[in-house]
Amino acid sequence: AQSVTQLDSQVPVFEEAPVELRCNYSSSVSVYLFWYVQYPNQGLQLLLKYLSGSTLVKGINGFEAEFNKSQTSFHLRKPSVHISDTAEYFCAVSGSDYKLSFGAGTTVTVRA
Amino acid sequence: GAVVSQHPSWVICKSGTSVKIECRSLDFQATTMFWYRQFPKQSLMLMATSNEGSKATYEQGVEKDKFLINHASLTLSTLTVTSAHPEDSSFYICSATRTGYFYEQYFGPGTRLTVT
């Protein structure tokens, strides 16, 4: 079975500053990795996904993530955040059964 | 494209009653749908996987007789919480995968259930 660990429960950041959200996964087989964003009282929106190929994945809203197999990590980054990026971010992993296992989530609060 | 809707968006019911939540894929056919629950300030926990035309597969610890899932068509899955109790109060979210694209799930907006 696969699982993910999000290393930061809360990340406060100033507007226009960079942000990095850390995610480590554990799996003995090939995995698919995802980052989702959730705004209050809403469902999840896919930011980006890694299925195969290039280890640097670019997503929506200026986010990108890098798959690092040797470190079993899939960290999410954005070079300059906006107030509207304030939300909950979830890292998720799936394997051959396509079921998603989510991390505990990281709350990003962007301050002016 | 790939829009998933849920109805209702929020519901309040009395303890002991049943409530049905609908999950629809609006612009694609969904062979597989998933149901999750999310407690406040927590992550999503997979409850069950439903495939069109067959019985749902429940995760360990989820009572299948309490959470009835019906995936009657390629665009609709329903979750019925039977004999609801206050501890069933939660945010229920469904997702769907497009036929042939099983690795990517599209999520609905969620349903807030409050049992009084």
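What this report covers is the structure whose coordinates are included nearby. Small disclaimer: the values here were computed from a predicted structure and weren't measured.

1. Structural notes on the pattern of salt bridges
Residues and elements named next belong to chain A. For the structure on display, the rule yields nine salt bridges over all chains. The partner of Glu66 in a salt bridge is Arg77, and the shortest N-O contact between them spans 3.9 Å. Taken together, the residues Glu66 in strand E8 (residues 64-68) and Arg77 in strand E9 (residues 73-78) connect sequence positions 11 residues apart. What makes Arg77 partly exposed here is its relative accessible area of 28%.

2. Digging into the state of the cysteines
Applying the stated criterion to the full structure yields two disulfides over all chains. Put simply, Cys23 of chain A and Cys91 of chain A are joined by a disulfide, and their sulfur atoms are 2.0 Å apart. Measuring the twist about the S-S bond at about -65°, one finds the Cys23 of chain A-Cys91 of chain A disulfide to be left-handed. Here Cys23 of chain A, found in strand E4 (residues 23-26), pairs with Cys91 of chain A, found in strand E10 (residues 87-94); they are 68 residues apart in sequence, far enough to count as distant. As far as burial versus exposure is concerned, Cys23 of chain A and Cys91 of chain A are alike and both buried. Disulfide pairing is shown between Cys23 of chain B and Cys94 of chain B; the S-S distance is 2.0 Å. One quick way to see it: the torsion about the S-S bond of Cys23 of chain B and Cys94 of chain B is about 80°, and its sign makes the bridge right-handed. Placement of the pair is Cys23 of chain B in strand E3 (residues 19-25) and Cys94 of chain B in strand E9 (residues 90-98), with a sequence separation of 71 residues. Using a relative accessible area of 0% as the deciding quantity, one classes Cys23 of chain B as buried. The exposure class assigned to Cys94 of chain B is buried, which follows from its relative accessible area of 0%. The thiol of Cys13 of chain B is not disulfide-bonded; the next cysteine sulfur, from Cys94 of chain B, is found 18 Å away. Exposure remark for Cys13 of chain B: the relative accessible area of 8% places this residue in the buried category.

3. Some thoughts on the interface of chain A and chain B
Facing 18 residues of chain A, the contacting portion of chain B comprises 19 residues. Counting every contact that joins chain A to chain B gives two salt bridges. Across the salt bridge formed by Glu104 of chain B and Lys49 of chain A, the nearest N and O atoms sit 3.1 Å from each other. Put simply, chain A and chain B have six residue pairs in polar contact (both at pLDDT 80 or more) between them.

4. Description of the sheet that holds strand E8 (residues 76-81) of chain B
Sheet strands pair via backbone hydrogen bonds, and the direction of the pair is either parallel or antiparallel. Residues and elements named next belong to chain B. Strand order in the open sheet formed by four strands is E1-E3-E8-E7, and the pairing between neighbours is antiparallel. Edge strands, defined here as strands with exactly one partner in the open sheet, are strand E1 (4-7) and strand E7 (67-73). When the angles between neighbouring strand axes are averaged without regard to direction, this sheet yields 15°. Note: E7 against E8, five bridges, orientation antiparallel. Residue pairing in the sheet places Leu68 in a bridge with Thr80 of E8.

5. Quick word on the packing of aromatic side chains
Geometry of an aromatic ring pair is reported as the spacing of the ring centres plus the angle between the planes. Applying the stated criterion across every chain, the model contains 14 aromatic pairs over all chains. On the basis of an interplanar angle of 20° and a centroid distance of 4.2 Å, the ring pair of Tyr50 of chain A and Phe67 of chain A is categorised as stacked. Highlighted residues: Tyr50 of chain A in strand E6 (residues 44-50) and Phe67 of chain A in strand E8, separated in sequence by 17 residues. Under the relative-accessibility criterion, Phe67 of chain A is labelled buried at 10%. Between Phe90 of chain A and Phe102 of chain A, the ring centres sit 6.2 Å apart and the planes meet at 85°, which makes this aromatic pair edge-to-face. Highlighted residues: Phe90 of chain A in strand E10 and Phe102 of chain A in strand E11 (residues 100-102), separated in sequence by 12 residues. One aromatic cluster is present, formed by Phe34, Tyr36, Phe90 and Phe102 of chain A together with Tyr36 and Phe107 of chain B through successive ring pairs.

Cut-offs applied
Residues numbered from 1 in each chain as written. Chains lettered and ligands numbered in written order. Predicted model: local features only at pLDDT ≥ 70, side-chain atom pairs only at ≥ 80, totals over all residues. Heavy atoms only, no water. Salt bridge = Lys/Arg side-chain N within 4 Å of Asp/Glu carboxyl O. Helix = DSSP H or I, 4+ residues; strand = E, 2+ residues; numbered from the N terminus. Buried < 20%, exposed > 50% of the residue type's maximum accessible area, 1.4 Å probe, protein only. Disulfide = S-S within 2.5 Å. Contact = heavy atoms within 4.5 Å. Polar contact = N/O pair within 3.5 Å; in protein donor to acceptor, adjacent residues only side chain to side chain. Pairing = 2+ DSSP bridges. Axes fitted to C-alpha atoms, helices over the stretch in contact; angles between N-to-C directions. Phe/Tyr/Trp six-rings, centres within 6.5 Å; stacked < 30°, edge-to-face > 60°.

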